[in-house]
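Below, each chain spelled out in residue letters.
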Amino acid sequence: MDNHTLITPENGLEYFLFESFSESNKLSEFDCSIEEYNEYLEVDALRSQKDHIALTLLLREKKTDNIIAYMSLIADAIKLSVTEKSLHSLDYPFKTIPAMKVAKLATNDEFRRKYKGIGSFMLYSACAMARECNKKYMACRFLTVDADIEHNSSVLNFYEKNSFLVNEELYNKNRKTISMRRDIYC
């Protein structure tokens, strides 16, 4: 029998809360099994935030205060081909379209056994943040990611399941990541 609790956009905030990364965060219990991502959280996230390069948000379990996942968000713009713009009904003469990028996304291994759908909940939350940004601060049409196929070959399936498409204009078979986008209004 599967003992996972399914996390959805409707129930996620019953279990978790988001907080901005700060110097006072205790990170020792976080481990996503990808050393580069663990090291980013421990070493680079705070510096990137202080330098206004990336905003890192922690997802904490309300009951235990444990860090379940994190994501770092940055401003972005993506180039779209004529075909890609047509797919999104974007009849504009410019090639680049404003976006918010999920620069890093990692889930604590310990909690993958307890909760199902944490990564999808994080992406849903990022889309909600991007839509809120549109209402208050600046335009943002897409959520983008560079899918890290070097560390996880099945990550493309995860993003496709979450309505992301490969960016044809930026596709390069020799890269360790694949640029993808999700229209936050579809």
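Relevant structure appears above.
Per chain, the residues get numbers from 1 upward, laid out in the order the sequence is written. At least 70 in pLDDT is required for a residue's local features to be given in this predicted model, at least 80 for side-chain atom pairs to be given and counted, and no such filter applies to totals for whole chains, interfaces and linings, which use all residues. Hydrogens are left out, water is left out, and the side-chain values use all remaining heavy atoms of the structure.

A.B. asks: Sorry if this is basic, but what is going on with the pairing of strand β3 (residues 55-61) here?
C.D. replies: Taken residue by residue, a regular strand's side chains alternate between the two faces of the sheet. Here the term buried applies to any residue with accessible area under 20% of the maximum for its type, exposed to any over 50%, and partly exposed to those in between, with areas from a 1.4 Å probe on protein chains only. In this description a helix means any DSSP run of H or I spanning at least four residues, a strand means any run of E spanning at least two, and both kinds are numbered starting from the N terminus. Where burial is concerned, most of β3 is hidden: six out of the seven residues are buried. Relative to β3, strand β2 (residues 16-20) runs antiparallel, the two sharing five bridges. Each residue of the ladder has a partner; that of serine 20, found in β3, is leucine 57. Each pair of strands is called paired provided DSSP finds at least two bridges between the two strands. Alignment of β3 against strand β4 (residues 67-79), held across six bridges, turns out to be antiparallel.

A.B. asks: Before we go on, may I ask you to explain the nonpolar core in this structure?
C.D. replies: Note on soluble globular proteins: their nonpolar side chains tend to be buried together. We define the nonpolar core as a collection of buried residues of types Ala, Val, Leu, Ile, Met, Phe, Trp, Tyr and Cys that are connected through side-chain atoms lying within 4.5 Å of one another. In this structure, Leu59, Met71, Val102, Ile118, Leu143 and Tyr159 are the most contacted members of the largest nonpolar core, which totals 30 residues. Those elements that place two or more of their residues in this core are β3, β4, β5 (96-107), α5 (118-136), β7 (142-148), α6 (155-161) and β9 (177-183). A per-element tally of this core places α5 first, with seven residues. Ignoring any residue separated from it by four or fewer positions in sequence, one finds leucine 59 in contact with Phe16, Leu17, Phe18, Asn66, Ile67, Ile68, Ala69, Ile118, Phe121 and Met122. Among the nonpolar cores identified, the runner-up in size contains 14 residues, and Tyr40, Ala45, Leu58 and Ala106 belong to it. Pairs of residues are marked as contacts when any of their non-hydrogen atoms sit within 4.5 Å.

A.B. asks: For this particular structure, what's the right way to read the environment of lysine 26?
C.D. replies: Examined against the element boundaries, lysine 26 turns out to sit in the loop between β2 and α2 (35-50). Ignoring anything within four residues of it in the chain, the contact list for lysine 26 reads Arg60 and Ile67.

A.B. asks: Quick question: what am I supposed to make of the environment of cysteine 127 here?
C.D. replies: Counting through the fold element by element, cysteine 127 comes out in helix α5. Residue cysteine 127 is classed as buried on the basis of its relative accessible area, which comes to 1%. Separated by 58 residues in sequence, cysteine 127 and alanine 69 have C-alpha atoms that sit 16 Å apart. Beyond its immediate sequence surroundings of up to four residues, cysteine 127 is in contact with Leu143, Arg182 and Ile184.

A.B. asks: What is the right way to look at the layout of surface pockets in this model?
C.D. replies: Over the atoms rolls a probe the size of a water molecule, and in doing so it shows where empty space is left. Cavities and pockets are found on a 1 Å grid laid over the protein atoms alone: a cavity is a set of points where a 1.4 Å probe fits but cannot escape, a pocket is an open set with protein on both sides within 12 Å along at least five of seven lines, and a lining residue has an atom within 4 Å of such a point. Grid points are joined across faces, edges and corners, and a volume is the space filled by probe spheres set on the points. Its volume calculated, the largest pocket comes out at about 830 Å³. Lining the largest pocket are 35 residues; nearest its centre among them are Leu105, Thr107, Gly119, Asn152 and Phe158. Elements that contribute at least two residues to the lining of the largest pocket include exactly α2, β5, β6 (115-116), α5, β7 and α6. No other element matches β5, which puts seven residues into the lining of the largest pocket. Classifying every residue of the lining of the largest pocket by side-chain character gives 17 nonpolar, ten polar and eight charged. Each residue is assigned to one class: nonpolar for Ala, Val, Leu, Ile, Met, Phe, Trp, Tyr, Cys and Pro, charged for Asp, Glu, Lys and Arg, and polar for all the others, Gly among them.

A.B. asks: Would you take a moment to explain the side chain of aspartate 109 for this structure?
C.D. replies: Residue placement: aspartate 109 occurs in helix α4 (residues 109-112). When its relative accessible area of 18% is taken as the criterion, aspartate 109 is described as buried. A 3.5 Å cut-off defines polar contacts: any pair of N or O atoms within that distance qualifies, except that in protein one atom must be a possible hydrogen donor and the other a possible acceptor, and neighbouring residues in sequence count only when both atoms are side-chain atoms. At 2.5 Å, the side chain of aspartate 109 and the side chain of arginine 112 are in polar contact. Setting aside residues no more than four positions away along its own chain, aspartate 109 makes contact with Asp31, Cys32 and Ser33.

Worth remembering: the numbers are spatial, not functional.
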